[in-house]
Amino acid sequence: MSILRFDQVSFQYPGEDFDIIDRLSFSVEPGSFHCIIGISGCGKSTIFRMTNGLLQPKSGTISVLGKPVSGQKHYCGYMPQKDMLFPWRTIGENLALPLEIQRRGTKAERLGLIDAALADVGLAGCRDKRPDELSGGMRQRAAFARTMLAGSDLLLLDEPFSALDFLTRISMQEWLLDQWQRHKKTILFITHDVEEAVFLSSSVLVVDKTPIHTLREIPVPMDYPRTRQDLTRPEIVALREQLVDMLRKQVTV
Ligand SMILES: Nc1ncnc2c1ncn2[C@@H]1O[C@H](COP(=O)(O)OP(=O)(O)OP(=O)(O)O)[C@@H](O)[C@H]1O
Ligand SMILES: [Mg+2]
């Protein structure tokens, strides 16, 4: 059964005179890793905001594991475009948020879960630091740990690495693939970086027209685990160029 399914979903922002999402249908299989690419402003984040219930579709149905999301709770973890760690809370207190919201465990149990999550993302010992004491990559890992603590199998990551320098970004990509394989989650990941999309995805979902009516699924012919060396294979270079072309056709300068 699909973990996520959009069925004829439409959405219109108040004040706009058209549906930015227009009867969109697509489904996502459990355990897959899809990057979503598309030009700026086409509605990618809107798809995430509807999936997580921040926005309500005008029509159509969004289901997780066969049940409509309206009425469900805690069915997905969401990492917004900015890391959104609260600067006045320590890293540990930031990670405690999903547990507090779900009223999970005693204080001691929460501390145990937080320490385990921090160790898992390579941030053991950072519990009492504040976000501004960490590097950009460390903050993203802390935000990811918080998303994981929400306990959902479906993770929505909106441009999580876009603010990072190149070397940090590529090591975070390898790190994320490793996390994905170990935790067996389903990941939807928005990016503007075509190479990142190819490196991470089992197949890339391309927004090639707006309003968004379909996501065009382009499989990536590479097995996991992957190395950056795989990106130099001729068929992968050609795929990257094909994706860039699909996006460029939509940009009217
Ligand atoms: N609250 C809002 N009210 C009205 N229009 C909005 C609102 N939020 C977003 N929009 C518009 O909807 C469109 C899609 O926004 P969205 O944030 O989904 O784009 P995106 O594909 O994620 O873009 P980017 O790649 O730049 O993040 C944009 O044109 C934006 O201006
Ligand atoms: Mg966006």
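Residue indices follow the written sequence of each chain, beginning from 1 at its first position. Chain letters and ligand numbers both follow the written order, the letters beginning at A and the numbers at 1. The model is predicted, so local features are restricted to residues of pLDDT at least 70 and side-chain atom pairs to those at 80 or more, both for listing and for counting; the totals for chains, interfaces and linings are taken over all residues. To get the side-chain values, take all heavy atoms of the structure and skip hydrogens and water.

### Some details on the overall build of the chain
The cut-off we apply is this: A run of H or I in DSSP becomes a helix once it reaches four residues, and a run of E becomes a strand once it reaches two; helices and strands are each numbered from the N terminus. Note on exposure labels: buried denotes an accessible area under 20% of the residue type's maximum, exposed denotes more than 50%, and partly exposed covers the range between, all computed with a 1.4 Å probe on protein chains only. Only heavy atoms matter for contacts: two residues are in contact if any of them lie within 4.5 Å across the pair. Where accessible areas are quoted, they stem from the Shrake-Rupley method and a 1.4 Å probe; at the residue level, only the protein chains shown are allowed to cover.
Scanning the chain for helices and strands turns up seven helices and 10 strands. Along the first, second and third principal axes, the C-alpha set of the chain runs to 50 × 45 × 35 Å. Relative to its 253 residues, the chain shows a buried fraction of 49%. Within the chain, counting contacts between residues at least 6 apart in sequence, those at least 24 apart form 69% of the total. About 12400 Å² of surface is accessible on the chain, with carbon and sulfur atoms providing 53% of the total.

### Observations regarding the state of the cysteines
Just so we agree on the cut-off: Note on terminology: pairs of cysteine sulfur atoms within 2.5 Å are recorded as disulfides.
What the rule picks out here adds up to zero disulfides. No disulfide involves C42; its sulfur sits 14 Å from that of C35, the nearest cysteine. Residue class for C42 comes out buried when judged on its relative accessible area of 1%. In this structure C76 is not part of a disulfide, and its nearest cysteine sulfur, from C35, lies 17 Å away. By relative accessible area, C76 is classed as buried at 13%.

### As for empty space enclosed by the protein
Operational definition: A cavity here means a set of 1 Å grid points, computed over protein atoms only, where a 1.4 Å probe fits but cannot escape. A pocket is an open set with protein on both sides within 12 Å along at least 5 of 7 lines, and lining residues have an atom within 4 Å of a point. Grid points are joined across faces, edges and corners, and a volume is the space filled by probe spheres set on the points.
Here the structure, examined in full by the defined rule, presents one cavity of 30 Å³ or more. Every residue along the wall of the largest cavity is listed here: M79, Q140, F144, L157, P160, F161, M172, W175 and L176. Secondary-structure elements contributing two or more residues to the lining of the largest cavity are helix 4 (136–149) and helix 5 (166–183). Here the element with the most residues in the lining of the largest cavity is helix 5; it accounts for three residues.

### Section: the domain arrangement of the chain
Where we set the bar: Domain boundaries shown here were taken from an automatic or database domain assignment. Buried area is a sum: the accessible area each of two parts loses on coming together, probed at 1.4 Å, counted once for each and added. Counted as salt bridges are all cases of a side-chain nitrogen of Lys or Arg within 4 Å of a carboxyl oxygen of Asp or Glu. For this analysis, a polar contact is any N or O atom pair within 3.5 Å, provided that within protein one partner can donate a hydrogen and the other can accept it, and provided that sequence-adjacent residues contribute only side-chain to side-chain pairs.
Domain annotation for the chain reports domain 1 (1–75 + 154–253) and domain 2 (84–151). For domain 1 and domain 2, the distance between their C-alpha centroids amounts to 25 Å. At the interface, 13 residues of domain 1 touch 12 residues of domain 2. Between domain 1 and domain 2, a total of about 1100 Å² is buried, with carbon and sulfur atoms accounting for 70% of that surface. Summed over the three residues of domain 1 that lose the most area to domain 2, namely H74, L155 and W175, the buried surface amounts to 38% of that side. For the interface between domain 1 and domain 2, the tally reads one salt bridge. For R182, the salt bridge identified is with D120, shortest N-O distance 3.1 Å. Counting across the interface, domain 1 meets domain 2 through four residue pairs in polar contact (both at pLDDT 80 or more). Breaking the side of domain 1 that touches domain 2 down by element, the ones donating at least two residues are strand 7 (154–158) and helix 5.

### Brief notes about the sheet that holds strand 6 (residues 76–79)
The line we're drawing: For two strands to count as paired, DSSP must find a minimum of two bridges between them. Here an angle of 0 to 180 degrees is reported between the N-to-C directions of two axes, which are lines fitted to C-alpha atoms, with helices fitted over the stretch in contact.
On the basis of which strands lie adjacent, the open sheet formed by six strands has the order 6-7-8-3-9-10 and mixed pairing. The sheet is open, and its two edges are formed by strand 6 and strand 10 (216–219), each paired on a single side. Neighbour to neighbour, the strand axes of the sheet diverge by 20° on average, direction disregarded. Contacts from helix 4 reach strand 6 and strand 7, with the element oriented near 160° to strand 6. Set on the sheet, helix 7 (residues 234–248) makes contact with strand 3 (33–37), strand 9 (203–206) and strand 10; between it and strand 10 the angle comes to about 165°.

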